[in-house]
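Fold and contact review
Chain by chain, the residues:
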Amino acid sequence: MRQPPVELAVPLDVAAKPDWQTHGDDLDGTAERIARFLAFVYLGDNCALGLRVGRLGRAGWLAVAGVVTLLVVLVGGIVLGSVELAPATTIAILAGRLAGIDLGITWPPSAEAIVMDLRLPRVLTAMLVGLALAVAGVTFQALLRNPLADPYVLGTASGAALGAAIAVLIPVRFVVLEFGLLHGLAFIGALVSVYTVYRLSRTSGLAPLTSLLLTGYAVGSLLAAGLAMAMYLSGSALREIFAYLLGGFEASSWTRLATATPLILGGSIAIALRARTLNGLLLGEETAANLGIDVRRERAILLALASLVTAAAVAISGLIGFVGLVVPHVVRLVVGPNARLVVPLSALGGAVLLSFADLAARSSGEIPVGVVTAVIGAPFFLLLLRRARTGYEL
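Cut-off values and rules
Residues numbered from 1 in each chain as written. Predicted model: local features only at pLDDT ≥ 70, side-chain atom pairs only at ≥ 80, totals over all residues. Heavy atoms only, no water. Helix = DSSP H or I, 4+ residues; strand = E, 2+ residues; numbered from the N terminus. Expected span 1.5 Å × (residues − 1). Buried < 20%, exposed > 50% of the residue type's maximum accessible area, 1.4 Å probe, protein only. Core = buried A, V, L, I, M, F, W, Y, C linked by side-chain atoms within 4.5 Å. Contact = heavy atoms within 4.5 Å. Salt bridge = Lys/Arg side-chain N within 4 Å of Asp/Glu carboxyl O.

**A word on helix α13 (residues 323-335)**
Compared with the 18 Å implied by 1.5 Å per residue over 13 residues, the 18 Å span of α13 between its first and last C-alpha is a close match. Burial within α13 is extensive, with 12 of its 13 residues counted as buried. For α13, the complete set of buried residues consists of Val323, Gly324, Val326, Val327, Pro328, His329, Val330, Val331, Arg332, Leu333, Val334 and Val335.

**With respect to the nonpolar core**
Membership of the largest hydrophobic core comes to 83 residues, with the highest contact counts inside it found for Tyr244, Ile264 and Leu354. If you tally residues by element for this core, the top one is helix α4 (residues 109-144), at 14 residues. If we skip the residues at most four places from it in the chain, Ile264 touches Leu128, Leu131, Ala132, Val309, Ala312 and Ala313. In this structure, Ala111, Val123, Leu348 and Val352 belong to the second largest nonpolar core, which totals 16 residues.

**Overview of the pattern of salt bridges**
Under the counting rule described, the total for this entry stands at 5 salt bridges. Here Glu298 and Arg297 are joined by a salt bridge, their closest N and O atoms 3.1 Å apart. Judged by its relative accessible area of 44%, Arg297 falls in the partly exposed class. Beyond isolated ion pairs, a larger network of salt bridges with shared partners links Arg274, Asp294, Arg297 and Glu298.

**Observations concerning the environment of Ala378**
The topology assignment puts Ala378 in helix α15 (residues 369-387). Using a relative accessible area of 24% as the deciding quantity, one classes Ala378 as partly exposed. Placed 55 residues apart in sequence, Ala378 and Val323 show a C-alpha to C-alpha distance of 10.0 Å. Non-local contacts of Ala378, meaning those with residues more than four positions away in its chain, are made with Phe322 and Thr373.

Right, dumping it as structure tokens:
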């Protein structure tokens, strides 16, 4: 349903409700309160772009809170680090280099190098990967009609990990566009594993969804065994394999970001344009077919798009779990199962979560990002599930 337009230049009346209470089901007391609080904190009581509570639905407030939080995390991710920079200096550098706007603030060349060559590409890469994993998670959960599905459910993670481990064992090194053999084989391994699962599942006599899930589990287990053998044989290179398995953005660069962005954004947009198909598949294959959807063709296309997005993400970041599983669930708890809302809002939520997790990882001494996503996301997810008394639909 189309959301009512946002009213501009209207005083924000959240201040009249100091307890941040809402009138609705229990979920309003969790999600909408958070969104209104963030909007009040960031926009102020009489902001020129003030928003009137009640005119925006849950999806609108979630989008407002997500965009504002994303901007805050973007600036925070650039300002904070081993060498702290003043927020004014950071904003001046970004305005001068990206928009050609002179704010009248001077800075040393070292500060510009830190912002433009190190931190900005890293923050943008984290956002891009978070977007990719969240969108892929939405797609796999809808296709398989399984709330436990994530971007790695069909063996993507195992294939990428095995490809990376094989690259470590091969005594050949080359770099193309700042992508080495490890990144190339990880990307290929992820796609090959999904293609293998899809082809094998079509030869089974089981129902299509059941066959996909069981074949994915079997192929994933086989690839995991190959990964274990590769790790056993890796010797001193074991640390490099573990670094990939735990995920991270230490090696982010503009070249890698520019190479992965078309694949991830292109695949994500194509998935978003098939929101009607995802909604139909959630109702079941027979219902989707009655709605005029070519189930077999659309399932293959969506599987290919989600796998491409996931493979591109893991090639530049390593394996980072939890994002593609939890973010879609949190969004559905707030706005319902409509894919037209869930896909873009999940993309925004994934970008926020992973960029914040990377900032927390850097601030804690470069601990693995995957550890941070689990520590941050799991308690919040469990809290939402406990407070959602009315339940929700997948």
